[in-house]
Amino acid sequence: WEINGSFYQPSAFLMMGIPGLEALHPWISIPFCALYLIALLGNCMILFIIKKTQSLHEPMYYFLSMLAVTDLGLVLCTLPTTLGIFWFDMRRIGFDACLTQMYFIHILSFIESSVLLAMAFDRFIAISHPLRHPSILTKTTVIKIGLAIILRGMVSLFPIPFLLKRLTYCGKTELSHSFCFHPDIMNLACADIKVNVFYGMIILLSTVGMDFIFIVLSYILIIKTVVGLATKEECLKALNTCVSHICAVLVFFIPMIGLSMIHRFGKNVPPLVNTLVAYTYLIIPPALNPIIYSIKSSHIREALLRALRRKSE
C-alpha cells in the first residue's frame, strides 16, 4: 500500500479470469484466441477493402471504417490482460496502468455508441432524402462528425481517472474481470463514492443513453418513410440496407446495458454471469461486426471476392 497525502492507494489490483474455472484457463483461451483473431483480421480486412475500393468511398463506409478502427482499439485494450491471465496467470496490474486501460476501454465504448448513431443518421438521410444525401453528408461533414465523436468521448470521461485516484482503497484489491472497468474499481473503495456513482450515471445516460434513444428515433422515422413507399419491393430493399446496422446496434447495446445494470444493481448475480456478460460486451461485437457487414453488404462482399481473385491469379 502507498500513502498519498491523507488517503491510501493500492500499488496494484488483481484481475480475475473466469471464476471457478481457473484450472481450465488454458483450454478456455482457445475460443478467446479465435475471437480475437477474427476481430483483428476481420476489421483489418474491412479497412483494407474500403481503402482500396473507390466505389466504397461514401459516408456509409466511412462510418463503417470508424467502427472497425474502434473495434480494433477495444480488442487491443483487452487482449494483453485477458490472454495474460489465461496463459501465464498474470493477474497483477499496476494502479495507474489499470486506470489507463479503463479510460481507453470506456472512451472506445462511447465512441462506438456514437458511431452507431452516426450510421443510423446516415441510413435515415439515405432513405428519407436520397437526392440530398450526397450534399448533406459530404466528406468534410463526415470528418467533422468523427472528430466531434472522439472529442465528446475524451472530454466526458476525462475526470473519471481523477475521481478514482482521490478515493481511499483498503483491504480488497481483486477486480471482477480480466480488464479494468469503472464500476468495478469504484466498488473496491472504502470511501464515499456518491460523486463517482452520480458522475458515471450522468455521463452514461447523456452519451450512450442519448445515442440509443436517437438511434431508436431514427428507425421510427425510417419505418415511417418506408411504409409510405409505393411498392413492397421498394420497402424491403430500403429496409435491407439497415439490417446489418440493426444487428450491430443490438450486439453492442444489449450486453453493455446488461453489464451496467449488473454492476449497479445486481449484487446477488453469480460472478460467472457477470464475467460472461462482460466478455460478451467487449469481445463479441468486434468479432461479429465484420462478419455481419461482410454477409449483408453486397458491395463489401463483391470487393472481398475481387481481392481474393486477384491474389489467386
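The rules behind each value
Residues numbered from 1 in each chain as written. Predicted model: local features only at pLDDT ≥ 70, side-chain atom pairs only at ≥ 80, totals over all residues. Heavy atoms only, no water. UniProt positions renumbered as here; feature names shortened; annotations may be inferred. Helix = DSSP H or I, 4+ residues; strand = E, 2+ residues; numbered from the N terminus. Buried < 20%, exposed > 50% of the residue type's maximum accessible area, 1.4 Å probe, protein only. Contact = heavy atoms within 4.5 Å. 1 Å grid on protein atoms, 1.4 Å probe; cavity = no way out; pocket = protein on both sides within 12 Å on 5 of 7 lines; lining within 4 Å. Points joined across faces, edges and corners; volume = space filled by probe spheres on them.

## Here we look at the UniProt feature "transmembrane region" (unreviewed entry) in the protein
Right, so step 1: Within the UniProt annotation, "transmembrane region" (unreviewed entry) is assigned to residues 24-50, 62-88, 100-121, 142-164, 197-222, 243-264 and 276-295.
Right, so step 2: Taken as a whole, residues 142-164 contains 96% helix and 0% strand, while its terminal C-alpha atoms sit 35 Å from one another.
Right, so step 3: Annotated as 100% helix and 0% strand, the span residues 276-295 places its first and last C-alpha atoms 26 Å apart.

## Quick look at the environment of Ala12
Right, so step 1: With respect to the helices and strands, the residue Ala12 is situated in strand S3 (residues 12-14).
Right, so step 2: Assessed through its relative accessible area of 11%, Ala12 is described here as buried.
Right, so step 3: Contacts of Ala12, omitting those with residues within four sequence positions, involve Arg92, Ile93, Gly94, Phe95 and Thr173.

## A short note on the layout of surface pockets
Right, so step 1: Within this model, the largest pocket holds a volume of roughly 510 Å³.
Right, so step 2: Around the largest pocket, the lining is made up of 20 residues, and of these Met60, Arg123, Lys237, Thr241 and His299 lie nearest the centre.
Right, so step 3: Listing elements by their share of the lining of the largest pocket, those giving two or more residues are helix H2 (59-88), helix H3 (95-128), helix H9 (232-240) and helix H12 (298-312).
Right, so step 4: Each pocket or cavity is described by its volume, and for the second largest pocket that value is around 430 Å³.
Right, so step 5: In terms of lining residues, the second largest pocket is bounded by 18 residues, among which Lys172, Ser176, Asp184, His263 and Asn274 are the most central.
Right, so step 6: When residues of the lining of the second largest pocket are traced back to their parent elements, those giving at least two are helix H10 (243-265) and helix H11 (271-296).
Right, so step 7: Looking at the lining of the second largest pocket, the element that brings in the most residues is H11, giving 3 residues.

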